[in-house]
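Coordinate inspection notes
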Amino acid sequence: MAGWENELDELMRVRGSALVRYAYMLSGDRALAEDLVQDALVKVYSRLRGRPGRSGSVGVADGSTAHDLDSPFTNAEGYVRRAVLTIYLDGYRKRQRWSGIKHLLADDASTRGADQAASARVDVMAALAQLGARERACVVLRYFEDMTVPQIAESLGTAQGTVKRYLSDATKHMQEFLRPDDFRPAEGRAAR
């Protein structure tokens, strides 16, 4: 067994449950905590290992800054804890971003029939029709043509900041228009 394998085995035998408890304190879910620790271990040890097939021991090239896993590795637990935190925060940010936009979907894609897809398309077209010409152009170019803000600015002959403002304003208007009735204020849609 290579030195890094012994080190990994020792880390999991001695501190494995502490790492899982740390991940559990972050996530609040035992299964997710175990997944976080496993992903962190893979991330840390795969990065430290370097690339196989190069000169030097265990794939570490001469002059490389990669860590030779056959040499002693200090504070392995600290690296793994930091990786757990980073992986958790990345997932948290993705979930936050998704929760902010998932209500814009007309329905769950797995249960959507042809009539619901057509209804969603009509709703989006109606929301686009409520926008001004420049806002609509920016939305279509950004989200349907997958153009970047600089590309949109160049194609419309306007500043990037203006494109960002149009996209922001259009997003707010479309969110309000496409919001499910359950989430609308009792008095109806707010005036623009």
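Here the structure is a predicted model, which is why all the values come from computation and not from measurement. (Residues numbered from 1 in each chain as written. Predicted model: local features only at pLDDT ≥ 70, side-chain atom pairs only at ≥ 80, totals over all residues. Heavy atoms only, no water.)

Structural notes on the packing of aromatic side chains
In plain terms, the rule: In this scheme Phe, Tyr and Trp rings, the latter by its six-membered ring, pair at centre separations within 6.5 Å, and the angle between planes marks the pair as stacked below 30 degrees, edge-to-face above 60, and tilted otherwise. Should the NZ of a Lys or the CZ of an Arg lie within 6 Å of a ring centre and within 35 degrees of the ring normal, that charge is described as sitting over the ring.
Following the criterion strictly, the structure yields 1 aromatic pair and no others. One residue, Arg142, lies across the ring of Tyr143, its end atom 5.7 Å from the ring centre. Here Arg165 stacks its cationic end above the ring of Tyr166, 4.8 Å away from the centre of that ring.

Quick word on the pattern of salt bridges
For the record, the criterion: Salt bridges are counted wherever a side-chain nitrogen of Lys or Arg sits within 4 Å of a carboxyl oxygen of Asp or Glu. Runs of H or I in DSSP of at least four residues are treated as helices and runs of E of at least two as strands, each being numbered from the N terminus. For each residue, the accessible area found with a 1.4 Å probe, counting protein chains only, is set against the maximum for its type, and the residue is called buried under 20%, exposed over 50%, and partly exposed in between.
In the structure shown here, the tally under the stated rule is 6 salt bridges. The salt bridge partner of Arg13 is Glu10, with a shortest N-O separation of 2.2 Å. One end of the pair is Arg13 and the other is Glu10, both in helix H1 (residues 3–27) and 3 residues apart, which spans about a single turn. The class of Arg13 is exposed, set by a relative accessible area of 56%.

A few points about helix H5 (residues 133–144)
Rule in force here: By this rule the span expected of a helix is its residue count minus one, scaled by 1.5 Å.
Look at H5: 16 Å from first C-alpha to last across 12 residues, which is about the 16 Å you get at 1.5 Å a residue. Listed as buried for H5 are Glu135, Cys138, Val139 and Leu141. Asp146, located one to two residues past H5, shows a positive phi value of around 55°.

On their own, these measurements won't tell you what the molecule is for.
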